[in-house]
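# Observations on the three-dimensional arrangement
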Amino acid sequence: MAAANYLRSEDQFLCSICLDVFTDPVSIPCGHNFCKNCINEHWNTSGRYLCPMCKKVFNTRPELHVNTFISEMVVQFRQSAQQKTSSSSSEQQVPKPGEVPCDVCTGTKLKALKSCLVCLASYCETHLEPHLTASRLKRHQLIDPVENLEDRMCTKHDKPLELFCKTDQTCVCMLCPVLDHKTHEFVPLKEEYEGKKAELGKREAEIQQMIQKRRLKIQEIKHSVDLSEEDADREIEEGVQVFSALKESVERGQANLINTIKEKQKTTEKQAEAFIKELEQEISELTKRWTEVEQLKRSEDQLHLLQSVHSLKAAPPTKDWTEVSVRSSYEGTVVKAVAQLEETLSKEMKKLVKAELKKVQQYAVDVTLDPDTAHPQLILSDDGKQVNDSDVRKNLPDNPERFFCLCVLGKQSFSSGRFYFEVQVKGKTDWTLGVVRESINRKGIIKVSPEYGYWTICLRNGNEYIAATISPVSLSLKSLPQKVGVFVDYEEGLVSFYDVDAAALIYSFTGCCFTEKLFPLFSPGLNGGGKNSTPLIISPVRVN
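Described below are features of the structure shown in this document. (Residues numbered from 1 in each chain as written. Predicted model: local features only at pLDDT ≥ 70, side-chain atom pairs only at ≥ 80, totals over all residues. Heavy atoms only, no water.)

Each pair of aromatic rings is reported with the distance of its centres and the angle of its planes. Applying the stated criterion across every chain, the model contains ten aromatic pairs. Where Y363 meets F487, the ring centres are 6.1 Å apart and the plane angle is 45 degrees; that geometry is what we call tilted. Here the residue Y363 occupies a position in the loop between helix 8 (333–360) and strand 9 (378–380), and F487 occupies one in strand 17 (residues 483–489), the gap between them amounting to 124 residues. Counting every residue linked through ring pairs, the aromatic cluster contains W455, Y490 and F514. (Phe/Tyr/Trp six-rings, centres within 6.5 Å; stacked < 30°, edge-to-face > 60°. Helix = DSSP H or I, 4+ residues; strand = E, 2+ residues; numbered from the N terminus.)

Before going further, it helps to examine the sheet that holds strand 12 (residues 418–424). With antiparallel pairing, seven strands are arranged side by side in an open sheet as 9-10-21-12-17-18-19. Two strands in the sheet have a free side with no partner beyond their single neighbour: strand 9 and strand 19 (504–509). Sheet twist, expressed as the average angle between the axes of neighbouring strands with direction ignored, equals 20 degrees. Summarising the sheet, strand 10 (residues 386–389) and strand 21 (residues 536–539) pair through two bridges and their orientation is antiparallel. Residue V387 lies in a different strand from strand 21, and its bridge partner there is L536. Sitting on the sheet, helix 8 touches strand 12, strand 17, strand 18 (494–499) and strand 19, and the angle it makes with strand 18 is about 115 degrees. (Pairing = 2+ DSSP bridges. Axes fitted to C-alpha atoms, helices over the stretch in contact; angles between N-to-C directions. Contact = heavy atoms within 4.5 Å.)

This part covers the pairing of strand 12. Burial analysis of strand 12 places five of its seven residues in the buried class, which makes it a mostly covered element. Bridging between strand 12 and strand 17 involves seven bridges; their strand directions are antiparallel. Bridging across to strand 17, F419 finds its partner in V488. Pairing geometry for strand 12 and strand 21, over three bridges, is antiparallel. Following the sheet pairing, Q424 is matched in strand 21 by I537. (Buried < 20%, exposed > 50% of the residue type's maximum accessible area, 1.4 Å probe, protein only.)

Attention shifts here to the sheet that holds strand 15 (residues 464–467). As summarised here, the arrangement of the six strands in space is 11-20-13-14-15-16, forming an open sheet in which the pairing is antiparallel. Here the strands that pair on one side only, and so sit at the sheet edges, are strand 11 (408–409) and strand 16 (473–475). Pairing of strand 13 (residues 431–437) with strand 14 (residues 454–460) involves six bridges; the strand directions are antiparallel. Considered in strand 14, the bridge of G434 is made with T456.

What follows is about the environment of S523. Relative to the helices and strands, S523 is located in strand 20 (residues 518–523). With 451 residues separating them in the primary sequence, S523 and E72 have C-alpha atoms 108 Å apart. Apart from residues lying up to four places away in sequence, S523 is in contact with L406, C407, W431, T432 and L536. Within the structure, the side chain of S523 is placed 2.7 Å from the backbone oxygen of L406, a separation counted as a polar contact. (Polar contact = N/O pair within 3.5 Å; in protein donor to acceptor, adjacent residues only side chain to side chain.)

Attention now goes to the pattern of salt bridges. Per the stated rule, a full pass over the model turns up 16 salt bridges. Note that E99 is salt-bridged to K111, the shortest N-O span being 3.5 Å. Within this pair, whereas E99 is found in the loop between helix 3 (68–91) and strand 3 (114–116), its partner K111 is found in the loop between helix 3 and strand 3, the two being separated by twelve residues in sequence. Judged by its relative accessible area of 27%, K111 is partly exposed. The salt bridge partner of E238 is K359, with a shortest N-O separation of 3.8 Å. (Salt bridge = Lys/Arg side-chain N within 4 Å of Asp/Glu carboxyl O.)

Moving on to a nonpolar patch on the surface. Taken together, the side chains of L175, V178 and L179 present a nonpolar region at the surface, about 260 Å² in accessible area. In this structure, L175 sits in the loop between strand 7 (170–172) and helix 5 (176–179). Using a relative accessible area of 34% as the deciding quantity, one classes L175 as partly exposed. (Patch = residues over 30% accessible without salt bridge, like charges linked within 9 Å, V, L, I, M, F, W, Y side chains within 5 Å. Areas by Shrake-Rupley, 256 points an atom, 1.4 Å probe, with all protein chains shown as cover.)

One finds W431 and F522 to be the most contacted residues of the largest nonpolar core, which totals 36 residues. Core analysis: the next-biggest nonpolar cluster, separate from the first, contains 20 residues, F13, L14, F58 and L137 among them. (Core = buried A, V, L, I, M, F, W, Y, C linked by side-chain atoms within 4.5 Å.)

A negative phi angle is the norm for most residues apart from glycine, just as the trans form is the norm for most peptide bonds. The phi dihedral of Q169 is positive, around 55 degrees, even though this residue is not glycine. Looking at the secondary structure, you find Q169 in the loop between strand 6 (163–165) and strand 7. Judged by relative accessible area, which is 46%, Q169 ranks as partly exposed. Of note, D391 is a non-glycine position whose phi angle comes to about 70 degrees, a positive value. Position of D391 among the secondary structure elements: in the loop between strand 10 and strand 11. Judged by its relative accessible area of 44%, D391 falls in the partly exposed class.

Taken together, the side chains of D226, E229, E230, D233 and E237 make up a negatively charged region of the molecular surface. Tracing the sequence through the fold places E229 in helix 6 (residues 189–298). (Lys, Arg positive; Asp, Glu negative; His and termini not counted. Charge placed at Lys NZ, Arg CZ, Asp CG, Glu CD.)

Taken together, K350, K354, K358 and K478 make up a surface patch of like positive charges. Among the structural elements, K478 can be located in the loop between strand 16 and strand 17.

The next thing to look at is the packing of helix 6 against helix 8. In contact at an axis separation of 9 Å, helix 6 and helix 8 are set at 165 degrees when each is read in the N-to-C sense. The pairing of helix 6 with helix 8 is recorded here as roughly antiparallel in orientation. In the packing of helix 6 onto helix 8, the handedness of the crossing is right-handed. Of the residues in helix 8, those touching helix 6 at E235, E238, V242, L246, S249, V250, L257, T260, I261 and K264 are T333, V334, A337, L341, T344, L345, E348, L352 and K359. Considered class by class, the residues forming the contact of helix 6 with helix 8 number ten nonpolar, four polar and five charged. (Parallel < 35°, antiparallel > 145°, perpendicular 65-115°, else oblique. Left-handed = near helix turned anticlockwise from the far one by under 90°. Nonpolar A, V, L, I, M, F, W, Y, C, P; charged D, E, K, R; others polar.)

Coordinates in, geometry out; function isn't part of it.
Written as structure tokens, this is what we have:
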């Protein structure tokens, strides 16, 4: 505000040629004033004696004299401006690191408010005022202060960069199209600026949309965490109920076992008491007999002894205790109790697997077979749901996706989340099912195990079920699966196989690390002369 009080009249002291405060001001016959050097150079250059302001032409070169009145006024103006500029400067800020300084200030450089693209200079509040008040300077293009304004000049022609070469995608001066870019396409810098600004606006909108999508994804993830927490609480509750029931079964089985053993022990004790009582009675009888024998033995009456011995022989005989024993049989008691507990656990396990199978069936996907991956000997149904071996090799192109072994992949791939599908294997003696990663080897000798990108189980010889690991695992199943369910949790690293009809878990690969797309894999096995001609059938999933 301090500078504005005196700069409102600054136009009166500005030379219209150099646009600066008069130096040696002179008046020409038409009454307009100029710096002496400015008007002389103007006339010398143009060759005509023309007033730059009113365009009045003089036939002869006017004689120039310094206008003392204006000269004195300019001196006073300069002194006043210098004092007020000094006062104003104290109110203005010194540029901080990273801020642009004024190019005109002498001594302490003040913070620039604007940069001029015509003058290629930056101005503080005081030195910017002419650009805001002088009519010619008002036409200059002002921007927020920037450094290195010389970079806005053409290094080759030393002219301002005013055009944009669309061919070379660079800024050029007015001479560049004439000298260096003759056949190129040019537009004014402002036009390209507006176009790029519009593009940036679109890009800004796209970025905002991307940000919004990611914010929504954050909300989705948080919501998923909340749902996961609810699922976890529900699973814990169900788990506690199951384990509480199992614990009660174990405690009940333990109590029954203890009671059974104790009852047997009581029976043994009662039997022993009866035997002891009977033995004590016999001992009493035998003691009496022993006393009689002892007395008769001492008798010296010959006739009496002979007559009494006969009556002793007629006494009732005692029991033969040689084979009599007291023994409790506990063998098998614990085994029977554990067997009952195992049966209870088996029933509970079946309930759990059935519930688990029902859950994973909710992730059912529609899988169809990909003919481009099928071995030439395989026959695929028109709907892509069945496959079996024909024993006849068809003439098909050996594309990179096609298997050298008797396999075919599903068309659908999965790189996240969970998925489930079911395959009917009824009537077959040989098959392989599972999932594989996209980059598996499909030619030559193929090693089937998780280390090589295969997570599969198979049937061999009609009754040998095997999990294909580095060291194959033989699977002992209570029933022969007629329909196999395959479930994959990509993030959890889990591949599970289920006997759908029996609601039983066949096998699980755990701790898997998936980094590629996964594809369902099917191998119907060799036809075997018709013994294994039944096709593998991808079945629609029906939740039990």
